[in-house]
Amino acid sequence: MKKQLLTLACASFIACTCFGQTMKKYEGLLFDKMSPNGQWTTQAMQGSVVIFNRVDSVFYVYGDGEGGSAYSIGQGNAINNDGIIVGGISDSQPAYWQDGEWNLLPLAEADTVVFNSADGITPDGRRIAGTMACTKWDLNTSGQMLAPVVWTKGEDGKYGMYQRLPQPTRDFSGRIPMYITARSISDDGKTIFGQISDYSGMYPCLIVYKEDADGNWSYQTLGEELLYKEGAEFPAWPNYEPKQPNIKNYMSETELAEYNNAMALYEDSTDLYNQGLIDKYPSYPLYDDYLKNEAKKEEYTQACDKYEEENEAYQDSTAVFYDVFYEACTEKAFAFNEVITSENGRYYVCSLSYPDPDGDPLAWSQETITVPVCFDLQAEGTPMTQLDGNDVITCSVLNDGTVFLATPSMEYTRNAYVIPAGSKKAMSFFDWMKAKNLPAYNWMTENLSFDYTGVEYDEDGNEILVSVPDSLIAGTISVNSEGTVFSSFLWDAWSLEDKGQYISYFIDLNPASGVAAPKAEATEVKVYPNPTTDILYIDGDICKINIFDLSGRVVYESSSVSSSIPMASIAGRGTYLVKLTTTDGNIVVKTVSVN
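In this text, all values refer to a predicted model and were calculated from it rather than measured experimentally.

Rules used throughout
- Residues numbered from 1 in each chain as written.
- Predicted model: local features only at pLDDT ≥ 70, side-chain atom pairs only at ≥ 80, totals over all residues.
- Heavy atoms only, no water.
- Helix = DSSP H or I, 4+ residues; strand = E, 2+ residues; numbered from the N terminus.
- Buried < 20%, exposed > 50% of the residue type's maximum accessible area, 1.4 Å probe, protein only.
- Contact = heavy atoms within 4.5 Å.
- Areas by Shrake-Rupley, 256 points an atom, 1.4 Å probe, with all protein chains shown as cover.
- pLDDT = per-residue confidence, 0-100.
- Patch = residues over 30% accessible without salt bridge, like charges linked within 9 Å, V, L, I, M, F, W, Y side chains within 5 Å.
- Salt bridge = Lys/Arg side-chain N within 4 Å of Asp/Glu carboxyl O.
- Lys, Arg positive; Asp, Glu negative; His and termini not counted.
- Charge placed at Lys NZ, Arg CZ, Asp CG, Glu CD.
- Pairing = 2+ DSSP bridges.
- Polar contact = N/O pair within 3.5 Å; in protein donor to acceptor, adjacent residues only side chain to side chain.
- Axes fitted to C-alpha atoms, helices over the stretch in contact; angles between N-to-C directions.
- Phe/Tyr/Trp six-rings, centres within 6.5 Å; stacked < 30°, edge-to-face > 60°.
- Core = buried A, V, L, I, M, F, W, Y, C linked by side-chain atoms within 4.5 Å.

Engineer: So what exactly am I meant to see when it comes to the overall build of the protein here?
Structural biologist: Across its full length, the protein holds six helices and 41 strands. Going through the 595 residues of the protein one by one, you find that 49% of them count as buried. Contacts in the protein between residues at least 24 apart in sequence constitute 53% of all its contacts with a sequence separation of at least 6. When the accessible area of the protein is evaluated, it comes to approximately 28,500 Å², of which 47% is carbon and sulfur surface.

Engineer: Before we go on, may I ask you to explain the confidence of the model for the protein in this structure?
Structural biologist: The predicted coordinates should not be examined in detail at positions where pLDDT is low. On average, the protein scores 87 in pLDDT, and the residues at 70 or more come to 89%. Here residues 1-14 scores under 50 on pLDDT; set against residues more than four positions off or in separate chains, the count is 64 contacts. The low-confidence segment residues 514-522 (pLDDT under 50) makes 19 contacts with residues lying over four places distant or belonging to another chain.

Engineer: Just checking my understanding: could you explain a nonpolar patch on the surface for this structure?
Structural biologist: Side chains of Val455, Tyr457 and Leu465 sit close together on the surface and give an oily, nonpolar patch of about 360 Å² of accessible area. Topologically, Leu465 is positioned in strand β31 (residues 463-472).

Engineer: Looking at this structure, how should I read a negative patch on the surface?
Structural biologist: A cluster of acidic residues, Glu294, Glu298, Asp305, Glu308, Glu309, Glu312 and Asp316, forms a negative patch at the surface. With respect to the helices and strands, the residue Glu298 is situated in helix α3 (residues 294-328). Classification of Glu298 by relative accessible area gives partly exposed; the value is 43%.

Engineer: Even after reading the chapter, I still don't get the sheet that holds strand β29 (residues 427-428), so can you show me in this structure?
Structural biologist: Think of a sheet as strands paired side by side through backbone hydrogen bonds, with each pair either parallel or antiparallel. Ordered by their spatial adjacency, four strands build an open sheet running β26-β27-β28-β29, and the pairing between neighbours is antiparallel. With partners counted over all chains shown, the strands left at the sheet margins are β26 (393-397) and β29, one partner each. Both β26 and strand β27 (residues 403-407) contribute to a ladder of four bridges, which runs antiparallel. Bridge assignment links Val397 to a residue of β27, and that residue is Val403.

Engineer: What's the story with the environment of Thr402 in this structure? I'm lost.
Structural biologist: Considering the arrangement of structural elements, one finds Thr402 in the loop between β26 and β27. Remark: the alpha-carbon pair of Thr402 and Ser342, spanning 60 residues in sequence, is separated by 9.4 Å. Not counting residues up to four positions away in its chain, the partners in contact with Thr402 are Ser396, Val397, Val418, Ile419, Pro420 and Ala421. Among the polar contacts listed, one links the side chain of Thr402 to the backbone nitrogen of Ala421, at a separation of 3.2 Å.

Engineer: Which parts of the structure should I look at to understand the pairing of strand β6 (residues 48-53)?
Structural biologist: Remember that side chains alternate between the two faces of the sheet whenever the strand is regular. A large share of β6 lies buried, amounting to six of its six residues. Taking every second residue as pointing to the same face, both faces of β6 are buried, with Ser48, Val50 and Phe52 on one and Val49, Ile51 and Asn53 on the other. Judged from the six bridges that link them, strand β5 (residues 40-45) and β6 form a sheet pairing that is antiparallel. In the strand pairing of β6, Met45 is matched with Ser48. Hairpin connection from β5 to β6: two residues lie between these consecutive antiparallel strands, with Gln46 at a positive phi of about 50 degrees. The sheet contact formed by β6 and strand β7 (residues 58-62) spans five bridges and is antiparallel.

Engineer: Honestly, the sheet that holds strand β11 (residues 101-104) in this entry has me stumped. Any pointers?
Structural biologist: One open sheet accounts for four strands, arranged β8-β9-β10-β11; its pairing is antiparallel. Where the open sheet ends on each side, the last strands, each with one partner, are β8 (71-73) and β11. Shown here is a sheet whose adjacent strand axes are inclined to one another by a mean of 35 degrees, direction ignored. Note that strand β9 (residues 85-89) and strand β10 (residues 93-98) share five bridges and pair antiparallel. Bridging across to β10, Val86 finds its partner in Tyr96.

Engineer: How should the pattern of salt bridges be read in this particular structure?
Structural biologist: A pair can form between side chains of opposite charge whenever their charged atoms are brought close. Taken as a whole, this structure holds ten salt bridges when the rule is applied. Of the charged contacts in the structure, one is a salt bridge between Arg54 and Asp508, with a shortest N-O distance of 3.9 Å. Here Arg54, found in the loop between β6 and β7, pairs with Asp508, found in strand β34 (residues 501-508); they are 454 residues apart in sequence, far enough to count as distant. Both residues of the pair, Arg54 and Asp508, count as buried. Among the salt bridges present, the one from Asp376 reaches Arg346, with a minimum N-O distance of 2.9 Å. Of this pair, Asp376 sits in strand β24 (residues 368-376) while Arg346 sits in the loop between β22 (340-341) and β23 (347-355), and the two are 30 residues apart along the sequence. For Arg346, a relative accessible area of 26% gives the class partly exposed. Residues joined by salt bridges that share partners form a network here, namely Arg127, Lys190 and Glu211.

Engineer: Whenever I open this one, the packing of aromatic side chains confuses me. Can you help?
Structural biologist: Two numbers describe a pair of aromatic rings. These are the distance of the centres and the angle of the planes. Evaluation of the coordinates by the stated rule reveals 47 aromatic pairs. The interplanar angle of 85 degrees and the centroid separation of 5.7 Å between the aromatic rings of Phe321 and Tyr322 together place this pair among those described as edge-to-face. Accessibility expressed as a relative area gives 0% for Phe321, which makes it buried. Every member of this aromatic cluster is reached through a ring pair, and the members are Phe172, Tyr199, Tyr203, Tyr228, Phe234, Trp237, Tyr314, Phe321, Tyr322, Phe325 and Tyr326.

Engineer: I tried to follow the pairing of strand β37 (residues 542-549) on my own but got confused; where do I start?
Structural biologist: Among the eight residues that make up β37, six are buried, leaving the element largely enclosed by the rest of the structure. Both β37 and strand β40 (residues 574-582) contribute to a ladder of seven bridges, which runs antiparallel. In the strand pairing of β40, Lys544 is matched with Thr581.

Engineer: In this structure, what is going on with the nonpolar core? I would like to understand it.
Structural biologist: A general tendency of soluble globular proteins is for nonpolar side chains to be buried together. Ranked by size, the top nonpolar core spans 38 residues in total, and within it Ile192, Tyr209, Phe334, Tyr348 and Phe375 carry the most contacts. Elements supplying a minimum of two residues to this core: β18 (191-197), β19 (204-211), β20 (217-222), α3, β21 (333-334), β23 and β24. Examining the composition of this core, we find that five residues originate from one element, β19, more than from any other. Counting 29 residues, the second-largest nonpolar core is a separate cluster that includes Ala440, Met444, Leu448 and Ile473.

Below you can see the structure in the form of structure tokens.
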């Protein structure tokens, strides 16, 4: 169902337009994906998806995260310039969004999909890469949870049945992989990028699928040799794990009925005991007491003895394996689901973690170093280059190999860095932008400056309150392949007195980007407390209020503006979008939670 929520002339931003170039700042929104041309951005949180058409200033909202269908956006290059967005509905329906509607991707009639993720789409929309778990494939029985697939659009303009991509049948240790994914796809649709995780699920490495001129797919793993020590040889993993016999399979229907009656009596007696109506606690019924057929009892006993013998051998074999495994593993691992690739299919970047050799041995958890690495798929041997940085996530890589990073990895208040093509050294995103485009740099310094306060620790572990005025914070950056369109988000914990908020911003350095220039300054509006349990207060020059739930339904609107709104009585618990029209014509949108 189409949910066209808001049409905004200018939505909660401070913005300017210089020589046709556009810079905008959005408050209260976390845009973590964008199309290469910057027209489309998305926010996906807890089963709810917000899709924003930046040119037409239209929001679409799906799912409320509280019952009903949950929506997701793909983890790779999930949006193309035509506004086709791939993702999923709940856990069982791979889907794509186009022209305000969700469309299901085709599945075989016999498929029972237990997980789906459509993750990457080509610019022309011809191909979609994704990851699925399907009961028909019997993956769970083998131990593999996820497998890579690709959908291709036919001449009739419709997507055909998915094609399962080829994959390794064993991980680096000789066991069945836990999952193999397909997350991102190149512009021409002939290169797909994903990850392969070992049997334990702890050590992922990278995988690339390529299609040849005849339409045949092959794969190549990257970085797998980093996961284990050179020359390591792993013993054979047991072919199967013994299954303990189930006594119910040896009982007749009559015996099972007698047991079930005894269990019902036990539960009733337990209730009476808890109420103090009987003095003796009842005895728990055992299946063994109700298996009375001597032949079946003997058959069950023999099956248990066989299981004990086989299980002991199995446990001995796995113990031998793990002794070698833990000694051979380097404890290096690529970041889960961090699949960052250039649109031309040449570069694959990811962060790689390994134990800090100088880490504190008494730390609660092992201290690690996390560095960015880059694979060049066109270079002979597909070499890996380790780049500058620590505690990073990789965000984007341009077609020329320029890499964008953000740190710290485990927080949403991050700063961005750039490693130019041909270099290994990182530089501040602000310094990079200053050299590339001075008007954009000036806008960033004016709008991304915060009076930072935070907690650091001294050598003895004591907390130290740190205050740094006018701190420049760039957030987590997404960049198109030419390095001309940028989208970023960050957590701002300092600008509002009572709460933090997400901030997103957008920069388009292309001349005549096609977006009309909004007013240079947005009216200051405060909405608090957020979350609220009842009354929501609004400070600012407001002439109209509209409140929407996440299905797009209007729950409140007023032109006679009050400074307080009884959210608990008019809306109830949940998450809402509050649209505020200011007296000078700006529109501010805030996300508000009612607990």
